[in-house]
Amino acid sequence: MSSNPTQKKSWNILKALASDIQDKHLNDFFKADNNRFSNLSLKTDGFFFDYSKQRITQDVISNLCALLDESGFTSKRNAMFNGDIINNTEGRAVLHTALRRPDSDVVKVNGENIIPAVHNALNKMKNFSNAVRSGDHKGVTGSAIKKIVSIGIGGSDLGPRLVSEALHISAQKNDQILETKFVSNIDGDDIQSALDECQAEETLFVIISKSFKTQETLTNALTARQWLQNNLPDGSDISPHFIAVSSNIEAVENFGINPDNIFPMWDWVNGRFSLWSAVGLSLCLQHGFDKFKTLLAGAYNMDQHFLKAPLNENLPVLMALIGVWNRNFLSLPQLAILPYAQSLLHFPAYLQQLEMESNGKTVDYDGQTITDYKTCPVLFGEVGTNGQHSFYQLLHQGSETVPCDFIGVLTPETDLPHHHDLLLSHMLAQGQAMMQGQHEPNESYRYFEGNKPSSTLLMDKMDAYSLGQLIALYEHKTFTQGVIWNLNSFDQFGVELGKELSQKLEKQDLSDADPSTKGLHSLIHKASK
Ligand code: F6P
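None of these values were measured; they are calculated from a predicted model. (Residues numbered from 1 in each chain as written. Predicted model: local features only at pLDDT ≥ 70, side-chain atom pairs only at ≥ 80, totals over all residues. Heavy atoms only, no water.)

A. Empty space enclosed by the protein, seen in detail. In the structure shown here, the tally under the stated rule is three cavities of 30 Å³ or more. When its volume is computed, the largest cavity comes out at roughly 150 Å³. If you go around the largest cavity, you meet 18 residues; those closest to its centre are Ile322, Gly323, Asn326, Leu335 and Asp405. When contributions to the lining of the largest cavity are tallied by element, the ones reaching two or more residues are helix H13 (315-329), strand E10 (334-340), strand E12 (404-409) and helix H17 (464-484). With five residues, the single largest contributor to the lining of the largest cavity is H13. Empty space within the second largest cavity amounts to approximately 50 Å³. Around the second largest cavity sit Asn87, Glu90, Arg92, Ala93, Val94, Lys210, Asp267, Trp268, Val269, Asn270 and Phe490, which together line it. (1 Å grid on protein atoms, 1.4 Å probe; cavity = no way out; pocket = protein on both sides within 12 Å on 5 of 7 lines; lining within 4 Å. Points joined across faces, edges and corners; volume = space filled by probe spheres on them. Helix = DSSP H or I, 4+ residues; strand = E, 2+ residues; numbered from the N terminus.)

Written as structure tokens, this is what we have:
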């Protein structure tokens, strides 16, 4: 059977259903069905998901589930969890889920059980972070470590940055938090502003790079090392201040980092799914190992739900199907991520990498160019209520319809419950306005068509466990969409060309450059002299 989704039986049924729905208004769906809210919503452990404001019906959901079945979803999901080589372009297994499994489980890659190595790494993270946090691990001058600087980019930065901020905001008053800074950009302003706030004798750098080849990270790491050498007593051994997380041990050693100071990554963990590995070390240092273990436990809980819940009650699956419906059948090319929780400040940026780097592709799993269907939408977003005063005008009255994911947290995170009530009222009001619209205004410019689809995900609370669940939820959503779109969601060749060209330009090699690039290069070059 063809793996092209448009060749599946259910695809054509869905197309017919979409043409029926295209000119119906969401208000009419609610008028026609008093139970729409309860019929099109789902309660799972820790979450309530309302998708009744999507332009969708139960019939559509059933056919989307059929499409997933026809795509071989169950066997593909098992193949991922079992460690089959599903990243076919790079010949790798995809086992971020193994990073959160209990030590009694067995998962084999090329015949070898990888779970003991996962738990050895966790033990090393535990021992090291405990030693730093207790003051037993000292800097070269005998000072305790008071600041962590995490250097990495993309998947080696966005996950820890997201969780760091979220746990910081949701921390209890007596939680011990070690100050942590994140540096990613190659722009010297990024590392300079971090260094300006650090004292060398009490600073620990964590260099995170799976490949240990990423120019941004290596450049920042060199600057950090030089800064330590300049600011510690002459001839100091900087190794107590400098550790690395990588799968490229040889490159780390060549860089001059003490082998004892290397925490492992594996080629079966993709960068944007790597938060659960030693990439999370800075979180253990900042918030304590127990919080990190709780994060893993939350993700494991979502893994079990993803594996066991029936498709139409499976939260990541439902979210994925709704996304496919909006993208492929209602032809909506964007998705707005709108968390009404300050703790999720970095969630839109995190999801941009997770979904767009995974599924932003037009070559399918079999190496064929995709010509007859669309893949990942463009994601963007902002925390509520900030976004309301920025791009929501377009969401309400713009010429594009943008589906929205609202995310709210039921339990207030602060002692200011009044703020929380206002915050969630805003969230509800936006979803209501987007859906209902305003059809009889006095002036034409106050006309809102409405009929803008949105989902609302309510989390019971915000803590390490629920955050682990939330991140794993979107990981599995991303995987599920990749199955329908027949993609390898775990490579990222689209980022390579820019890296190669920038290296040429840096060496003044303009042989491949077009006139625009040459003209700009000349201006930049003149200005920097
Ligand atoms: O941007 C491409 C990419 O390879 C991402 O997939 C990855 O998360 C990031 O660069 C960082 O890679 P590394 O951890 O190897 O430095």
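Moving on from the model shown.
B. A look at helix H7 (residues 158-170). Under the 1.5 Å per step criterion, the end-to-end length of H7 is 18 Å for 13 residues, consistent within 8% with the ideal 18 Å. Listed as buried for H7 are Leu158, Gly159, Pro160, Leu162, Val163, Ser164, Ala166, Leu167 and Ser170. Against the buried residues of H7 lie strand E6 (179-183), helix H11 (281-287), helix H12 (289-308), helix H14 (347-359) and H17. (Expected span 1.5 Å × (residues − 1). Buried < 20%, exposed > 50% of the residue type's maximum accessible area, 1.4 Å probe, protein only. Contact = heavy atoms within 4.5 Å.)

C. A look at the nonpolar core. Among the nonpolar cores identified, the biggest contains 116 residues, and Trp268, Trp325, Phe347, Leu467 and Leu470 are the most heavily contacted of them. Ranked by residues supplied to this core, first place goes to H17 with ten residues. With 24 residues, the next largest nonpolar core counts Ile191, Phe212, Trp227 and Phe255 among its residues. (Core = buried A, V, L, I, M, F, W, Y, C linked by side-chain atoms within 4.5 Å.)

D. The arrangement of the site of the ligand in detail. The immediate surroundings of the ligand are formed by 13 residues, with Gly155, Ser156, Ser209, Ser211 and Thr214 found nearest. Separating an oxygen atom of the ligand from a side-chain N or O atom of Thr214 is a distance of 2.5 Å. Note that an oxygen atom of the ligand is positioned 3.2 Å from one of the side-chain N or O atoms of Gln353. When the free accessible area of the ligand is taken as 390 Å², the share hidden by the protein chains comes to 86%. (Near = heavy atom within 4 Å. Polar contact = N/O pair within 3.5 Å; in protein donor to acceptor, adjacent residues only side chain to side chain. Areas by Shrake-Rupley, 256 points an atom, 1.4 Å probe, with all protein chains shown as cover.)

E. Molecular detail of the environment of Gln342. Within the secondary structure, Gln342 is located in the loop between E10 and H14. Residue classification places Gln342 among the partly exposed positions, given a relative accessible area of 42%. Each C-alpha atom of the pair Gln342 and Ala117 lies 36 Å from the other, and the pair is 225 residues apart in sequence. Setting aside residues up to four positions removed in sequence, Gln342 forms contacts with Ile169 and Val383.

F. Region of interest: the sheet that holds E6. In spatial order, the strands read E6-E5-E7-E8-E9; together these five strands make up an open sheet with parallel pairing. On the outer flanks of this sheet lie E6 and strand E9 (262-264), each paired with one strand and no other. For this sheet the average axis-to-axis angle between neighbouring strands, irrespective of direction, equals 20°. Bridging between strand E7 (residues 203-208) and strand E8 (residues 242-246) involves four bridges; their strand directions are parallel. (Pairing = 2+ DSSP bridges. Axes fitted to C-alpha atoms, helices over the stretch in contact; angles between N-to-C directions.)

G. Up close: the side chain of Ser184. Checked against the element boundaries, Ser184 lands in the loop between E6 and helix H8 (188-195). Among the polar contacts listed, one links the side chain of Ser184 to the side chain of Arg161, at a separation of 3.2 Å. Once residues lying within four places of it in the same chain are set aside, the contact partners of Ser184 are Gly152, Ile153, Asp157, Arg161, Asp190, Glu216 and Asn220.

H. Inspection of the sheet that holds E10 at higher detail. In space, the six strands of this open sheet follow the order E1-E2-E13-E12-E10-E11, with mixed pairing throughout. The strands lining the two open edges of the sheet, one partner per strand, are strand E1 (41-44) and strand E11 (378-381). Each neighbouring strand pair of the sheet contributes to a mean axis angle of 15°, computed without reference to strand direction. Across four bridges, strand E2 (residues 47-50) lies against strand E13 (residues 454-459) in antiparallel orientation. Bridge pairing in E13 links Phe49 to Leu457. Running over the sheet, H17 touches E2, E10, E12 and E13 and is turned about 150° from E13.

I. Representation of the packing of H14 against H17 within the structure. Closest axis-to-axis distance for the H14/H17 pair is 10 Å, and the angle between their directions is 25°. Here H14 is positioned roughly parallel relative to H17, judged by the angle of their axes. Crossing of H14 against H17: the hand is right-handed. Across the interface between the two elements, Phe347, Tyr350, Leu351, Leu354, Glu355, Ser358 and Asn359 of H14 pack against Leu470, Ile471, Tyr474, Glu475, Lys477, Thr478, Gln481 and Gly482 of H17. (Parallel < 35°, antiparallel > 145°, perpendicular 65-115°, else oblique. Left-handed = near helix turned anticlockwise from the far one by under 90°.)

J. Examining the pairing of E7 more closely. Most of E7 sits out of view: six of its six residues are buried. Both faces of E7 are covered, namely the face carrying Thr203, Phe205 and Ile207 and the face carrying Leu204, Val206 and Ile208. In terms of strand pairing, strand E5 (residues 147-151) meets E7 through five bridges, oriented parallel. The partner of Val149 across the bridge, within E7, is Phe205. For the handedness criterion, the β-α-β arrangement of E7, helix H9 (residues 215-231) and E8 is classed as right-handed. (Right-handed = clockwise from strand over helix to strand, strands pointing away.)

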